[in-house]
Amino acid sequence: MYDSFALVEEISGWLSKPADEVDREFTGKERDRILAAVNELNDEALSGDPESFYHQQLLLSRLHHLILRIPDAPTAEGSLAVHEVTGLLERATLRGEERQMDAALLADLPSDPGQFLSWLKEQARQHRVFKHPYYMDFIRNHATEADVRTYMIQESVVDGRFDDLLALMQVGTSGPAKMEIAANFWDEMGNGKPAEVHTHLFNQIFDVFKVSEKELEESLTGTALLSGNLAVLLSRYRYRYPEAVGFLGMTEWLVPDRFVQVVSAWERLGLPDVGIVYHRLHITVDSQHAAGWFHNIVKPSAPSEFMRLGIARGALWRLNSSARYLDERLAEVSERFSGEKAEHRAVAR
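Conventions adopted
Residues numbered from 1 in each chain as written. Predicted model: local features only at pLDDT ≥ 70, side-chain atom pairs only at ≥ 80, totals over all residues. Heavy atoms only, no water. Helix = DSSP H or I, 4+ residues; strand = E, 2+ residues; numbered from the N terminus. Expected span 1.5 Å × (residues − 1). Buried < 20%, exposed > 50% of the residue type's maximum accessible area, 1.4 Å probe, protein only. Arc of directions from axis to C-beta. Contact = heavy atoms within 4.5 Å. Core = buried A, V, L, I, M, F, W, Y, C linked by side-chain atoms within 4.5 Å. Bend = angle between axes of the 7 residues up to and from the residue. Phe/Tyr/Trp six-rings, centres within 6.5 Å; stacked < 30°, edge-to-face > 60°. Axes fitted to C-alpha atoms, helices over the stretch in contact; angles between N-to-C directions. Parallel < 35°, antiparallel > 145°, perpendicular 65-115°, else oblique. Nonpolar A, V, L, I, M, F, W, Y, C, P; charged D, E, K, R; others polar.

Caption draft 1: Spotlight on helix α10 (residues 175-188). The terminal C-alpha atoms of α10, which comprises 14 residues, lie 20 Å apart, in line with the 20 Å expected from a rise of 1.5 Å per residue. All buried positions along α10 are accounted for by Ala177, Glu180, Ile181, Asn184 and Glu188. Axial view of α10: buried residues confined to an arc of 95°, hence all on one face. α10 presents Pro176 and Met179 as exposed residues on the side facing more than 90 degrees away from its buried surface. Looking at the buried residues of α10, the elements they touch are α9 (162-169), α11 (198-209), α14 (241-269) and α15 (277-301). Within two residues after α10, Gly190 carries a phi angle of roughly 65°, on the positive side.

Caption draft 2: Local environment of the environment of Phe116. By the element assignment, Phe116 lies in helix α6 (residues 113-126). The exposure class of Phe116 is buried, given its relative accessible area of 0%. Taking the C-alpha atoms as reference points, Phe116 and Ser301, separated by 185 residues in sequence, lie 9.9 Å from one another. Beyond its immediate sequence surroundings of up to four residues, Phe116 is in contact with Leu109, Pro110, Val298, Ala302, Arg308, Ile311 and Ala312.

Caption draft 3: Representation of the environment of Tyr54. Positionally, Tyr54 belongs in helix α4 (residues 50-64). Of the residues examined, Tyr54 reaches a relative accessible area of 23% and is grouped as partly exposed. Separated by 166 residues in the primary sequence, Tyr54 and Leu220 place their C-alpha atoms 9.3 Å from one another. Those residues in contact with Tyr54 that sit more than four places away from it in its chain are Glu217, Leu220, Thr221, Gly222 and Leu225.

Caption draft 4: Layout of the nonpolar core. Ranked by internal contacts, the top residues of the largest apolar core, which has 103 residues, are Ile11, Trp14, Val85, Phe116, Tyr151, Met152 and Trp293. If you tally residues by element for this core, the top one is α14, at 13 residues. For Met152, the residues in contact, after removing those within four places along its chain, are Phe202, Ile205, Phe206, Phe209, Val262, Trp266 and His279.

Caption draft 5: Fine view of α14. In a regular helix each residue adds 1.5 Å, so 29 residues correspond to 42 Å; α14 covers 40 Å between its end C-alpha atoms and thus fits that length. Residue Val255 marks the point of greatest curvature in α14, where the axis turns by about 40°; the proline Pro256 follows within four residues. The buried count for α14 comes to 23 of 29 residues, which makes it a mostly enclosed element.

Caption draft 6: Structural detail: the packing of aromatic side chains. Throughout the structure, instances matching the rule amount to 13 aromatic pairs. Ring plane angle 5° and centroid distance 6.3 Å describe the contact between Phe116 and Trp119, whose orientation is recorded as stacked. Here Phe116 pairs with Trp119, and both are found in helix α6, just three residues apart, close to one helical turn. Ring pairs connect the aromatic residues Tyr134, Tyr135, Phe138 and Tyr151, which therefore count as one cluster.

Caption draft 7: Molecular detail of the packing of helix α8 (residues 145-159) against helix α13 (residues 222-236). One way to put it is that α8 packs onto α13 with a least axis distance of 8 Å and a crossing angle of 10°. Between α8 and α13, the interaxial angle falls into the category roughly parallel. Across the interface between the two elements, Gln154, Val157 and Val158 of α8 pack against Ala224, Ser227, Gly228 and Ala231 of α13. Looking at the contact of α8 with α13 residue by residue, the classes come out as four nonpolar, three polar and no charged.

See below:
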């Protein structure tokens, strides 16, 4: 038997060591022990155990940080041990998403570019995540300042590093696709103005709420960590490029409608204006980005069966994982939310 928390802490302890030192320790029976524990963690997570799922995604998030941060000391990046463990966690994560997906949806995808794009949008419109009540009712009309603070922390795993996802994703692309990703990236870079870089604007939210980096990681849920891990996983590998196109494209298409509700909540609560600049900006920018993404990346890719399947799969992974994430957010507040509505009805009577 293994302790999932202890496993996470043990492997996390590798990350600040030089890669060759980690690999010297990761041999023989020690390697067998670690890999057996990681496989058991993955099995428990896939079986639906919430604690194992959380630790699986927390560990994968920490491993992904090795390729997303510039270190100020030696790290285990490049370690064969880290590569092997990361691969086990990533493959298990994608197996989990495959289990959540109706494979029949991929059986007969339209090859006509316009029809394929219409198919993608229709999948979103029919999905329970579309106009989810967490956004359309709770956030817009009922969320407190504490609720909005919690929401912003959970959203940081994607919104807080979208520029890096684009930078990873564009490697190896060419033509209109590369230009579209580059234009999107340049917008994320504030069109060359440091004060308007989108990650900087997003981090102003944490200045408003006084959220530390330590609190940020400790407060993230398993489903929030999953959203960030999927985005990094799909963006970093060239063979996952089609899935990244679908995943990030669907992310941008859903954003404007969602952020309208967030801005409404922010204004209703009278929170400092500096903290909502990011969301106001993305209501317009992401609608433009989504249109360009669909026209310059998705539609030209549709004639390729490999690309169609990957884009569709990535889009469905985004819809399904986002739905589980929002269902979880709504469930956390539902008891209090239901009580408030009952109280309001009683007062009205």
